[in-house]
Amino acid sequence: MKVYLDNAATTALDSEVLEKMMPYLTEIYGNPSNQHHSFGREAVKGVDTARKQVADALNASPDEIIFTAGGTEADNLAIKGILQKYKSKGNHIITTAVEHHAIMHTCEQLEKDGYDVTFLPVDEFGAVSAEAVENAIKDSTVLVSVMFANNEVGTIMPIAEIGEICRRRKVYFHTDAVQAIGHIAIDVKAMNIDMLSLSAHKFHGPKGVGALYVRRGIGLMPQMTGGAQERKRRAGTENVPGIVGLGAAIEKAAERIAVDMPKVAALRDKLIEGIESTIPEVKLNGHRQNRLPNNVNISIKYIEGESVLMMLDMLGIAASSGSACASASIDPSHVLLAMGIPHETAHGSIRLTLSDKTTEEEIDYVIKTLPTVVERLRKMSPLYNK
Ligand SMILES: *Cc1c(COP(=O)(O)O)cnc(C)c1O
């Protein structure tokens, strides 16, 4: 049996989404910048439809959507673009200690360039408090950037509360919602969100395409200069098939949140219960209720997460330790450390992330397999003496 439980890293391309993309990979190959012929106009139609689909999913307007080459680029454009544009307002950014590297490393770079960055601490579940955000705001604050939901432990941040504070205190509010889209219904107006990043490949769309929502009236310094595409905010010929795929994927995901996500959450809870009832000395990381419907993150005492992943892989189960980027290095996850989890425990952590395509049979197989893997590894562990 093959079980894919690494959906926070990337998801399978939906077959209906691929079908919608296919014409734009074949006969509709015009450049949307040239509207003097039907080839270009056909391509524009595809991009326009997708822009409306993305806007509708967020309760935004199409002119507020900028297509990018993914979540990382959307994050960079939001943060650098706004700070450069509003330099005269100040140089202070507030973010958290548990952001994705696309935000974290961007902010660290800005700090080296002379910007003033506050990395707010989180609680034991990985959540930042809205009160801490408010207390950190000062006269020089331009931007608050807090992720919607954490990619490692699934914790959902108090986004609407933070949005209300930022609007009242007149600072811009960006959220990296890459993990939340398709899992949680988002209304940028109701939540007072000024900018939001998303990425198609996290909700069954194609890789290498994403978008940044920017509330009308907010300026951004382009990070990619060249042609006049995307209302002069992001130069370069549009990734037309990718954008069409993003539109189709977000429309489908938004329609299915109410139906599919409760089912995914039920499977998540079955997996958590199955693990906790069969493996002694495991700890669930993140909040038990306030978490993404598809995220399970556990620390298994006395063993290395990496060894668990290797053995699971041999048995057909794909999981991850921390984030995909973190697993290439030996440093434990910055998210788990920020939550106050000791180094040894953080090293023994694995992440299992489901999708609406995950079946109950697959979860049953994992519940049956994981305890045997843990038992074998613990018997080899010098730290384990039972
Ligand atoms: C995956 C991810 C990103 C990066 O998106 P890409 O499209 O892969 O560049 C950014 N933030 C979060 C929270 C993510 O999970």
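For the structure given in this document, a descriptive report is provided here. Nothing here was measured: the structure is a model prediction, and the numbers come from that model. (Residues numbered from 1 in each chain as written. Predicted model: local features only at pLDDT ≥ 70, side-chain atom pairs only at ≥ 80, totals over all residues. Heavy atoms only, no water.)

## Notes on the site of the ligand
- Near the ligand, the surroundings consist of Gly70, Gly71, Thr72, Asp75, His100, Asn151, Asp176, Val178, Gln179, Ser199, His201 and Lys202.
- Measuring from a nitrogen atom of the ligand, one finds a side-chain N or O atom of Asp176 at 2.7 Å.
- Between an oxygen atom of the ligand and a side-chain N or O atom of Lys202, the distance comes to 2.8 Å.
- Top contributing element to the shell around the ligand by residue count: helix H3 (residues 71-85), with three residues.
- Grouping the amino acids of the shell around the ligand by side-chain chemistry returns one nonpolar, eight polar and three charged. (Near = heavy atom within 4 Å. Polar contact = N/O pair within 3.5 Å; in protein donor to acceptor, adjacent residues only side chain to side chain. Helix = DSSP H or I, 4+ residues; strand = E, 2+ residues; numbered from the N terminus. Nonpolar A, V, L, I, M, F, W, Y, C, P; charged D, E, K, R; others polar.)

## Side note on the side chain of Asn297
- Its location among the elements puts Asn297 in strand S10 (residues 295-300).
- According to the relative accessible area criterion, Asn297 is buried, its value standing at 0%.
- One polar contact links the side chain of Asn297 to the main-chain carbonyl oxygen of Glu152, over a distance of 3.0 Å.
- Apart from residues lying up to four places away in sequence, Asn297 is in contact with Glu152, Val153, Lys283, Leu284, Asn285, Arg291, Leu336, Ser349, Ile350 and Arg351. (Buried < 20%, exposed > 50% of the residue type's maximum accessible area, 1.4 Å probe, protein only. Contact = heavy atoms within 4.5 Å.)

## Some points on the nonpolar core
- One finds Leu58, Phe148, Ile186, Ile193, Leu196 and Leu198 to be the most contacted residues of the largest nonpolar core, which totals 66 residues.
- Here Ile186 is in contact with Ala57, Leu58, Phe148, Ala177, Ala180, Ile181, Met191, Ile193 and Leu196, once residues within four sequence places are set aside. (Core = buried A, V, L, I, M, F, W, Y, C linked by side-chain atoms within 4.5 Å.)

## Describing the packing of helix H2 (residues 38-58) against helix H8 (residues 240-278)
- One can describe the packing of H2 onto H8 by two numbers: an axis separation of 8 Å at closest approach and a directional angle of 30°. Here H2 lies roughly parallel to H8, going by the angle between them. Considering the relative orientation of H2 and H8, their crossing is left-handed. Counted together, Ala43, Gly46, Val47, Ala50, Gln53, Val54 and Ala57 of H2 and Val240, Ile243, Val244, Leu246, Gly247, Ala248, Ile250, Glu251 and Ala254 of H8 form the full contact between these two elements.
- Of the residues contributing to the contact of H2 with H8, the split by class is twelve nonpolar, three polar and one charged. (Axes fitted to C-alpha atoms, helices over the stretch in contact; angles between N-to-C directions. Parallel < 35°, antiparallel > 145°, perpendicular 65-115°, else oblique. Left-handed = near helix turned anticlockwise from the far one by under 90°.)

## Let's talk about a nonpolar patch on the surface
- A cluster of nonpolar residues, Leu13, Leu18, Met22 and Leu25, forms a patch on the protein surface that exposes about 330 Å² of accessible area.
- Mapped onto the secondary structure, Leu18 falls in helix H1 (residues 15-25).
- A residue is classified by how much of its surface remains accessible, and Leu18, at 35% relative accessible area, is partly exposed. (Patch = residues over 30% accessible without salt bridge, like charges linked within 9 Å, V, L, I, M, F, W, Y side chains within 5 Å. Areas by Shrake-Rupley, 256 points an atom, 1.4 Å probe, with all protein chains shown as cover. Salt bridge = Lys/Arg side-chain N within 4 Å of Asp/Glu carboxyl O.)

## Remarks on the sheet that holds strand S6 (residues 172-176)
- Taken in spatial order, the seven strands line up as S2-S8-S7-S6-S5-S3-S4 in an open sheet, and their pairing is mixed. In the strand order of this sheet, the two ends are held by strand S2 (65-68) and strand S4 (116-120), each with one partner. Shown here is a sheet whose adjacent strand axes are inclined to one another by a mean of 20°, direction ignored.
- Of the pairings in the sheet, the one linking strand S3 (residues 92-96) to strand S5 (residues 141-145) comprises three bridges and is parallel in character. Each residue of the ladder has a partner; that of Ile94, found in S5, is Val144.
- The strands touched by helix H4 (residues 101-112) within the sheet are S3, S4, S5 and S6, with S4 carrying the most contacts at an inclination of about 145°.
- Along the sheet, helix H6 (residues 159-169) contacts S5 and S6; its crossing angle with S6, the most-contacted strand, is approximately 160°. (Pairing = 2+ DSSP bridges.)

## Some remarks on the pattern of salt bridges
- Enumeration according to the criterion identifies 22 salt bridges in this entry.
- A salt bridge links Arg351 to Asp6; its shortest N-O distance comes to 3.2 Å. In this pair, Arg351 sits in strand S12 (residues 349-353) while Asp6 sits in the loop between strand S1 (3-4) and H1, placing the two residues 345 residues apart along the sequence.
- The buried category is assigned to Arg351, whose relative accessible area is 1%.

## Considerations on empty space enclosed by the protein
- By the definition in use, this model includes two cavities of 30 Å³ or more.
- The calculated volume of the largest cavity comes to roughly 200 Å³.
- Lining the largest cavity are 22 residues, and of these Gly182, Phe203, His204, Ala253 and Asp356 sit closest to its centre.
- In terms of residues, the lining of the largest cavity owes the most to one element, H8, which gives seven residues. (1 Å grid on protein atoms, 1.4 Å probe; cavity = no way out; pocket = protein on both sides within 12 Å on 5 of 7 lines; lining within 4 Å. Points joined across faces, edges and corners; volume = space filled by probe spheres on them.)

## As for H4
- For H4, spanning twelve residues, the distance from its first C-alpha to its last is 16 Å, which sits close to the expected 16 Å at 1.5 Å a residue.
- Within H4 the residues assigned to the buried category are Ala102, Ile103, Met104, Thr106, Cys107 and Leu110.
- Note on H4: the residue one or two positions beyond its end, Gly114, has a positive phi of about 105°. (Expected span 1.5 Å × (residues − 1).)

## Observations regarding H8
- Between its first and last C-alpha atoms H8 spans 49 Å; for 39 residues at 1.5 Å apiece the expected length is 57 Å, and the helix comes up short by more than 12%.
- Its axis deflected by about 70° at Ile257, H8 carries its strongest bend there.
- Measuring from the side-chain oxygen of the N-cap residue of H8 to the backbone nitrogen of Gly242 gives 3.0 Å; that N-cap residue is Asn239. (Bend = angle between axes of the 7 residues up to and from the residue.)

## Here's the deal with the side chain of Lys202
- Assignment of secondary structure puts Lys202 in the loop between strand S7 (195-199) and strand S8 (210-214).
- Asp176 provides the closest opposite charge to the buried, unpaired Lys202, separated from it by 7.4 Å.
- Beyond its immediate sequence surroundings of up to four residues, Lys202 is in contact with Ala8, Ala9, Thr11, Val178, Gln179 and His183. (Lys, Arg positive; Asp, Glu negative; His and termini not counted.)

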